[in-house]
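# Coordinate inspection notes
Each chain is listed here by its residues.
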Amino acid sequence: MNLKQLKYFVVICEEGQITAAAKQLHIKQPLLSYEIKQLEQELDTSLFVRGPRGISLTDAGKIFKPYAEQITELSRVAQGKVQYLHKGISGSLSIGSVSSSINKLPNLNLLQLKKYYPNISISIIEGNTYKLLGYLEKGLIDLAILRTPFSSNGVIGYYFDKEPMIAASWADPGQVDQAETSSSVELKDLANVPLIIYRRFEEVIKGAFAEAGLNPLIVVRCDDARTALDWAKCGFGTALVPHSAILQIQEQRDRRFHMREIRAKSLETQLAVMWRRNEPFSPLVENFLELFIGQQSHKS
């Protein structure tokens, strides 16, 4: 087993086809198939089920996938750090970011970093909160911009202001909204409405409804604000998303979303920038945090 084979395995998982993966990797398909066969022989198990429409992971492949992703990502980070040092580049920073951080990252204050680090290299790793939290704890990234709720004893950080959840539904023709929160809504008004929710918010949402003596009608579960809004746009129901997701709708010029603020304190959420506990900052990380949150990060 080697890093090249692990990289090939990860790309095949992403593409879902040997042909597409070979094209992305700029190698010939027979060579890619050979390397995966060697990997399977090394593991003494099949990783893929091959079919006429593509491939899918076996149970063993599903177990192996997160480990392969972590190893290849750690290798990439280590290689980058060494190369930056060898080339004399003064600053490299890897940041995990959830999709709903659009109103925080990037921001114009960070342009000041170029004054201190003219050759700065920033790597943005996108994913959901739990995935990025795992990357942060394992040292694969320097910082992570996450969304509550989450918990970990291995990290600390700075929490931004709380924001309400929004009920976003797609308006009927002729009922065009301005993609702004034009009204509010209570949980009782959503009790019989098909809901599209964040999977990791499910217990919080069910708990909030239960406190009001209600049961939510959940029809779609997903892990990303953009995905929730896409399903709402197709008419599957009302998406429950953070208030900052409004910015994503405005960027897409989707003017037919009807946005209502949910009046429920238990459904408020926050963005937070987190770092590993008891680990000293590099000057670049320190300067980034001071510009990003506007204060001395180590005093947070």
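Read on for a plain summary of the structure. (Residues numbered from 1 in each chain as written. Predicted model: local features only at pLDDT ≥ 70, side-chain atom pairs only at ≥ 80, totals over all residues. Heavy atoms only, no water.)

## Observations concerning the overall build of the protein
Operational definition: Helix and strand definitions follow DSSP, with helices as H or I runs of at least four residues and strands as E runs of at least two, each counted in order from the N terminus. The buried label applies to any residue whose accessible area, calculated with a 1.4 Å probe on protein chains only, is under 20% of its type's maximum; exposed applies above 50%, and partly exposed to all values in between. The contact criterion used is simple: two residues touch if any of their non-hydrogen atoms lie within 4.5 Å. Each accessible area value is a Shrake-Rupley result obtained with a 1.4 Å probe; residue values ignore everything except the protein chains displayed when judging cover.
Helices and strands together make up the secondary structure of the protein, namely 10 helices and 13 strands. When each of the 300 residues of the protein is scored for burial, the buried share is 44%. Restricting the contact set of the protein to residue pairs at least 6 apart, pairs at least 24 apart contribute 72%. Element-wise, carbon and sulfur atoms account for 50% of the exposed surface of the protein, whose accessible area totals about 16300 Å².

## With respect to the pattern of salt bridges
For the record, the criterion: Here a salt bridge means any side-chain nitrogen of Lys or Arg lying within 4 Å of a carboxyl oxygen belonging to Asp or Glu.
This model, assessed by the stated rule, comprises 12 salt bridges. Here Glu 35 ties to Lys 4 by a salt bridge, and the two come within 3.4 Å at their closest N and O atoms. Within this pair, whereas Glu 35 is found in helix H3 (residues 29–43), its partner Lys 4 is found in helix H1 (residues 3–15), the two being separated by 31 residues in sequence. Residues joined by salt bridges that share partners form a network here, namely Glu 186, Lys 188 and Arg 263.

## Description of the packing of aromatic side chains
Counted only if it meets this: Note on aromatic contacts: the rings of Phe and Tyr and the six-membered ring of Trp form a pair at centre separations within 6.5 Å, being stacked when their planes are under 30 degrees apart, edge-to-face when over 60 apart, and tilted otherwise.
Counted under the stated rule, the structure contains 9 aromatic pairs. Measuring from centroid to centroid gives 5.6 Å for Phe 160 and Phe 292, while their planes differ by 85 degrees, and the two rings are edge-to-face. Taken together, the residues Phe 160 in the loop between strand E6 (155–159) and strand E7 (165–170) and Phe 292 in helix H10 (residues 283–293) connect sequence positions 132 residues apart. Given a relative accessible area of 7%, Phe 292 falls into the buried group. Ring geometry for Trp 275 against Phe 281: centres 5.4 Å apart, planes inclined by 80 degrees, an arrangement best described as edge-to-face.

## Brief notes about the environment of Leu 140
As for its placement among the helices and strands, Leu 140 is situated in the loop between helix H6 (129–137) and strand E5 (143–147). Remark: the alpha-carbon pair of Leu 140 and Ile 95, spanning 45 residues in sequence, is separated by 9.4 Å. Excluding residues within four positions of it along the chain, Leu 140 makes contact with Gln 70, Glu 73, Leu 74, Val 77, Ser 94 and Tyr 135.

## A few points about the sheet that holds E5
We apply this condition: Strand pairing requires that DSSP identify at least two bridges connecting the strands. To get an axis, fit a line to the C-alpha atoms, keeping to the stretch in contact for a helix; angles then go from 0 to 180 degrees between the N-to-C directions.
One open sheet accounts for 5 strands, arranged E4-E3-E5-E13-E6; its pairing is mixed. The open sheet has two edge strands, strand E4 (121–126) and E6, and neither has a second partner. The sheet shows a mean angle of 25 degrees between the axes of neighbouring strands, direction not considered. Examined bridge by bridge, strand E3 (residues 92–97) and E4 share 6 bridges and lie parallel to one another.

These figures come from the coordinates and say nothing about function on their own.
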